Structure formats: C-alpha cells, structure tokens
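Understanding the architecture of this molecule
Spelled out from the first residue to the last, the chains are:
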Amino acid sequence: VGHCHPDVVKAAHEQNQLLNTNSRYLHDNLVDYAGRLSKTLPEKLCIFYFLNSGSEANDLALRLARQYTKHEDVIVLDHAYHGHLTSLIDISPYKFRNLEGQKEWVHVAPVPDTYRGLYREDHEDSVTAYANEVKNIIEQARTRGRKIAAFFAESLPSVGGQIIPPAGYFQKVAEHVRKAGGIFIADEIQVGFGRVGKHFWAFQLQGEDFIPDIVTMGKPIGNGHPLACVATTKEIAEAFAATGVEYFNTFGGNPVSCAIGLAVLDVIEKEHLQAHATEVGNFLMKLLKEQKIKHPIIGDVRGSGLFIGVDLIK
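If you're wondering where the values come from, they're calculated on a predicted model, not measured in any experiment.

What counts and how
- Residues numbered from 1 in each chain as written.
- Predicted model: local features only at pLDDT ≥ 70, side-chain atom pairs only at ≥ 80, totals over all residues.
- Heavy atoms only, no water.
- Patch = residues over 30% accessible without salt bridge, like charges linked within 9 Å, V, L, I, M, F, W, Y side chains within 5 Å.
- Areas by Shrake-Rupley, 256 points an atom, 1.4 Å probe, with all protein chains shown as cover.
- Salt bridge = Lys/Arg side-chain N within 4 Å of Asp/Glu carboxyl O.
- Helix = DSSP H or I, 4+ residues; strand = E, 2+ residues; numbered from the N terminus.
- Buried < 20%, exposed > 50% of the residue type's maximum accessible area, 1.4 Å probe, protein only.
- Core = buried A, V, L, I, M, F, W, Y, C linked by side-chain atoms within 4.5 Å.
- Pairing = 2+ DSSP bridges.
- Axes fitted to C-alpha atoms, helices over the stretch in contact; angles between N-to-C directions.
- Phe/Tyr/Trp six-rings, centres within 6.5 Å; stacked < 30°, edge-to-face > 60°.
- Lys NZ or Arg CZ within 6 Å of the ring centre and 35° of its normal.

1. Considering a nonpolar patch on the surface
Together, Val280, Leu284 and Leu306 make up a nonpolar patch on the protein surface, roughly 190 Å² of accessible area in all. Among the structural elements, Leu306 can be located in the loop between strand 8 (298–304) and strand 9 (307–312). Residue Leu306 is classed as partly exposed on the basis of its relative accessible area, which comes to 35%.

Here you go:
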C-alpha cells in the first residue's frame, strides 16, 4: 500500500498509545482481524495462526501438514524459495543445492513453465503433463516406502522466474497429492493481497474450484511491519491441537500488529488497489510487449497484475 502509508502509520501509533502486550492477553483486534481476513478467503479456510514472518508461517504450515497427515515427505517445485529457517532451506532447491543438498524426504517437481520448461506452449496438454510429473514422484516415493505430507508451492513461483502456472494445474496436482494422503499448501507470501489484480489471492487464478488446504501469508500483510499468518481448515487445526502441544507465539497477533493488518486491508479496499494493480500491470505489460517486438533479447513477457516477468534470451 506504499511506503509509510499515513493510515497504516496512524493505526500503529494509536494502538501503541493504548496497549501493546504479548499475545497471552486477549484483545479484540486479533478476532476482528481474523474475521476480516476470512472474508477474503474460501469459507473452509477459517482457522488463523498469526506470526511475525513469512518464514515462521511456512515453518508452521509444514508442522501442521505433518501432524495432520502423519507423513513426512514434501514435494516442492524446482528453484523454489520458501524462507530462511533450517526447515525451509531444506524445501528450497534455490538454497539447498548450494548447501547440504537434497534431503531424502524432499522431492523436486519441475516448474510448470510453458515458456522454458519441460512442456511448452506447443504441447497438447501441458497441464496434465506437469501434473503427471508430480504423480510419478508420489509413485516413486511410495515404492521406497515414503509417504507425502504436502505439496508446497508458491501460487506463482517468484524466485523460479515469475512463472504463471497453466490454469487447472493445481487442481490436478491436488488430486494426486490428496489421493496419496497429503495436503496442498499455497505460499502467498509474495503474491497475495491483490498483487495479481483480478483476484485477492494468486491461487484463485487457477479457478474457483481450487482451494488449498493451507495458505501462508507474509511480506505485504503488514506493509513492512513484521506480521504473517497461516490460514487453514478446522480439520487440520484440530489434528494439530490434539497433540496437546499448543501453538504459542509471543508477538504473533499482538494488538499493534493486528491494528496494522486491519489498516492495510482498509487501504487496499478504500484505494481500490486491486483494480490499480490490474490497470497498471496491463499498461506495463503492453509497453513491455512493444519492447519485445523491437528487441530479440526479450523472449517472453508474462504476468498478472503487478507480478510481471521479462525473460531475456541469448
């Protein structure tokens, strides 16, 4: 919503003057904020955990998935980056390839990239072909006695090259993963909150019939303030609570963070920032495509809203 947005600054300042405690103390802002966020998401994603960073959110999503499925293994997309905690470096090919390498419980699927990837625009059914790659990974893992806890992916792979997965890909992947007893985690840390323009969440670009089991949020949620969230279903949350090991985060969901989160949602709504992302994004794409005609080095221009990639080629 822009650097030092006055409405966000004011919300933080006013709440700071009233009360800021750790989250052992109940406060209306927490419930109000969860209520507001729930209106942006499909109905079944109705349980919210608040944290301080996207890395914390993705780490918790991993714990939730493992507790719910009782499985360990995770399928990720090639080149993915999901955060800086040890658990997330392990599921980030972008990082682990330069460090300790791939753990046996991690499986890497090809990025559903129809420009540079395995199956391209000229393929008769790239959606099924890419989803079948995930299906094959599940089958190979099963023969080794391994079970899938989650397919973990950014709704639009960002570090992987601003990729727009073909519509219907997530539905098919979710089908294979759920059949194997796993769940689907959508990382919206870079691409959520209206950035893609026509939808509030990037996973919605896949179609109305697709709903992830867990959605993680970070970065724009607090407009620079450390705030993050995990949204999930009742079933997953109940399985997590059943361990008796409660989830607690000292500052995740504190009154000031939630006041800021509410102010960010207000600004997005009041200033029609989703429509703005669509309009400015379309304008920028149009200009970039004009450049593509002039310059052979520009191989591809792709994007949605203000999530845009220019692919340079030799």
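2. Details of the nonpolar core
Residues Phe151, Tyr169 and Met217 are the most contacted members of the largest nonpolar core, which totals 54 residues. Formed by 25 residues, the second largest nonpolar core is a distinct cluster that contains Leu51, Val76, Phe152 and Ile183.

3. Quick notes on the sheet that holds strand 3 (residues 106–109)
Taking strand neighbours across the sheet as the criterion, the seven strands line up as 1-7-6-5-4-2-3 in an open arrangement whose pairing is mixed. Of all the strands in the sheet, the pair left with one neighbour each is strand 1 (47–51) and strand 3. Across the sheet, the mean angle from the axis of one strand to that of its neighbour is 20°, orientation sign disregarded. Summarising the sheet, strand 6 (residues 214–217) and strand 7 (residues 228–232) pair through four bridges and their orientation is antiparallel.

4. Let's talk about unusual backbone geometry
Although it is not a glycine, His79 sits at a positive phi angle of roughly 70°. Tracing the backbone through its elements, the reader meets His79 in the loop between strand 2 (73–77) and helix 4 (86–89). Even without glycine at this site, Lys219 takes up a positive phi of about 40°. Among the secondary structure elements, Lys219 is positioned in the loop between strand 6 and strand 7.

5. So, the packing of aromatic side chains
Inspection of every chain in the model, using the stated rule, returns 14 aromatic pairs. Taken together, a centroid distance of 5.7 Å and an interplanar angle of 45° make the contact between Tyr169 and Phe170 tilted. Plain terms: the ring middles of Phe193 and Trp201 are 5.0 Å apart, the flat faces sit at 70° to each other, and that makes the pair edge-to-face. Here the two residues Phe193 and Trp201 agree in accessibility, since each one is buried. The rings of Phe151, Tyr169, Phe170, Phe184, Phe203 and Phe210 are connected pair by pair, giving a single aromatic cluster. When the ring centre of Trp105 is taken as reference, the NZ or CZ atom of Arg66 above it lies at 4.4 Å.

Everything listed here is a matter of geometry and, on its own, says nothing about what the molecule does.
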